[in-house]
Amino acid sequence: MIRFYNTLSGRLEEFKPVKPGEVRLYTCGPTVYDYPHIGNYRAYIFEDLLKRFLLFSGFRVRHVMNITDLDDKTIRGARSQGIPLADYTRKYIEAFFEDIKTMRILPADVYPRATEHIPDMVRMVKGLLDKGYAYIKEGSVYFSIEKFPAYGRLSKINLDELKAGARIDSDEYEKESVHDFALWKKAKEGEPFWETELGPGRPGWHIECSAMSTRYLGPTIDIHCGGIDNIFPHHENEIAQSEAYYGQKFVNYWLHCHHLVVEGEKMSKSRGNFYRLRDLLNKDVDPLDLRFLLLSTHYRKMLNFTFDNLAQAKAARQRIIDFVYELEHRTWASGSEPQVSALADKTLTEFTKTLADDLNISAALAVVFDFIREINLGLTRDMIKKTEAEKILKTIYKLDEILAILPEKKDENLPAEILEKIELRQKARKEKNFKLADSIREELRQMGIILEDTKEGIRWKKIK
RNA sequence: GGCGCGGUACCCAAGCGGCUAAGGGAGAGGUCUGCAAAACCUCGAUUCGUCGGUUCGAGUCCGACCCGCGCCUCCA
């Protein structure tokens, strides 16, 4: 049984997709006005874990992630540079696709862009007007919240109380009630607009997601993910629009990822603790170390990013890498040891079971490390035979289908000059010239190559 | 003001009423090694923010309080 914490009900629920064996997943994508920061990637990696787990469990997953290339921020950005919106957003869109690849995030099936779905949005807004959920004021269209009694159910927000906390309404448009939100914004001087049946203008931010999600996934979606900060008002508004328009349940399971903070404080440019993914990669951070760090804290818990935590994640990940390395480079005695095989099976079962419990990644990783310790113990006692060695490796790679933290098995070769140095050191060792041998070892270590002398000969590994 | 999250060893972190409180990192001692590295073994919280309560039994449920953080405005 798979259980997830559903924000809508506020408790753990058994997961049952609308259509057995198939999951329709919608995740809020990037707003392409800048390079995404590591907090964005925390959310994307949580979603990736979820998706990989579902795939691993045998579901077919239809995944849609929108790209917000039309909103206040992108418009402001394009205008400040005096270039067309599409030219402005293009480089961020390209960067996004590059980055999710380096972070090993599985691509979605569809990446709809707001600018390419204006007609879908217009159709929905028109429908909401026809059904009486929306009204026009001075050329703009607004959703009338009082027409939708279920409003506030997701965020548990009470509108009367909201009203009490006097807040400044930053929206420059006229509406009947403070909490009504714009579905369609009348064209403004210097802003891009579309000529439509609603008149010249552009869509409001919330309707973009409602239109694009239901366009590709149908009126009822199994799982909708996003950051915790999107619960109100964005997701609340999505529910209102979609359910008012389609007359049926919009989303069955709402999964929200908690924030990432840096050094215990909210990331912000003014505080100087703001990191884009690229800032870190330029500092020689291994993207997979970062992936491991972002992955290893439960998605509903606040994650504190520090460089110390990153170093800890790196060390933990290295333990797994070293384990795989050992298995791949040893020579094995033939024969078999059925107990070891059973342990591998048990590990896989336990791993899946812990993740099925609302993606309890910490418990899942504990299962992995328990397995590694057990096998390493067997290794020191020469209890692992060829048959098992293969099975163990297969198991680890199976686990990595979900974790995706093992390095690519590409450059297994070293440049000739380095190989020569290793040879030289071997010779020095043979002649008991340890001083020379140690200096070569140190020299290579500086270059990121670690040498290890084992019973079966010398081994090297790269360390970034 | 309203809504919500968290406080478990030096650090990260699981645990959702009942075996000796997972796992990782760092540390100490040991085995192996020319020395290292890796690996293995051993050690490490009589205790889970504080104080009360419920219970045969509580990090685990209830109440109060203290501390840290987030949201309520664009935001993953």
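Residues numbered from 1 in each chain as written. Chains lettered and ligands numbered in written order. Predicted model: local features only at pLDDT ≥ 70, side-chain atom pairs only at ≥ 80, totals over all residues. Heavy atoms only, no water.

Colleague: I'm lost on the sheet that holds strand β11 (residues 260-262) in this one. Help?
Modeller: Strands pair in a sheet through their backbones, by hydrogen bonds, and they do so in one of two ways: parallel or antiparallel. Spatial strand order, β12-β11-β13: three strands in an open sheet with mixed pairing. The open sheet terminates on both sides in strands that have one partner only, identified here as β12 (265-266) and β13 (303-305). Relative to β12, β11 runs antiparallel, the two being bridged by two bridges. By the bridge assignment, V261 is partnered in β12 with K266. (Pairing = 2+ DSSP bridges. Helix = DSSP H or I, 4+ residues; strand = E, 2+ residues; numbered from the N terminus.)

Colleague: Any chance you could explain the domain arrangement of chain A here in plain terms?
Modeller: How big an interface is tends to be reported as the loss of accessible area on association of its parts. The domain architecture assigned to chain A consists of domain 1 (16-257), domain 2 (277-403) and domain 3 (416-462). The straight-line distance from the C-alpha centre of domain 2 to that of domain 3 is 28 Å. On the side of domain 3, four residues touch domain 2, which itself brings seven residues to the contact. Between domain 2 and domain 3, a total of about 500 Å² is buried, with carbon and sulfur atoms accounting for 33% of that surface. At the boundary of domain 2 and domain 3, one finds two salt bridges. Linking R459 and E326 is a salt bridge whose minimum nitrogen-to-oxygen distance equals 2.7 Å. On inspection of domain 2 and its partner domain 3, the count reaches three residue pairs in polar contact (both at pLDDT 80 or more). (Domains from an automatic or database assignment. Contact = heavy atoms within 4.5 Å. Buried area = accessible area lost by both parts, 1.4 Å probe. Salt bridge = Lys/Arg side-chain N within 4 Å of Asp/Glu carboxyl O. Polar contact = N/O pair within 3.5 Å; in protein donor to acceptor, adjacent residues only side chain to side chain.)

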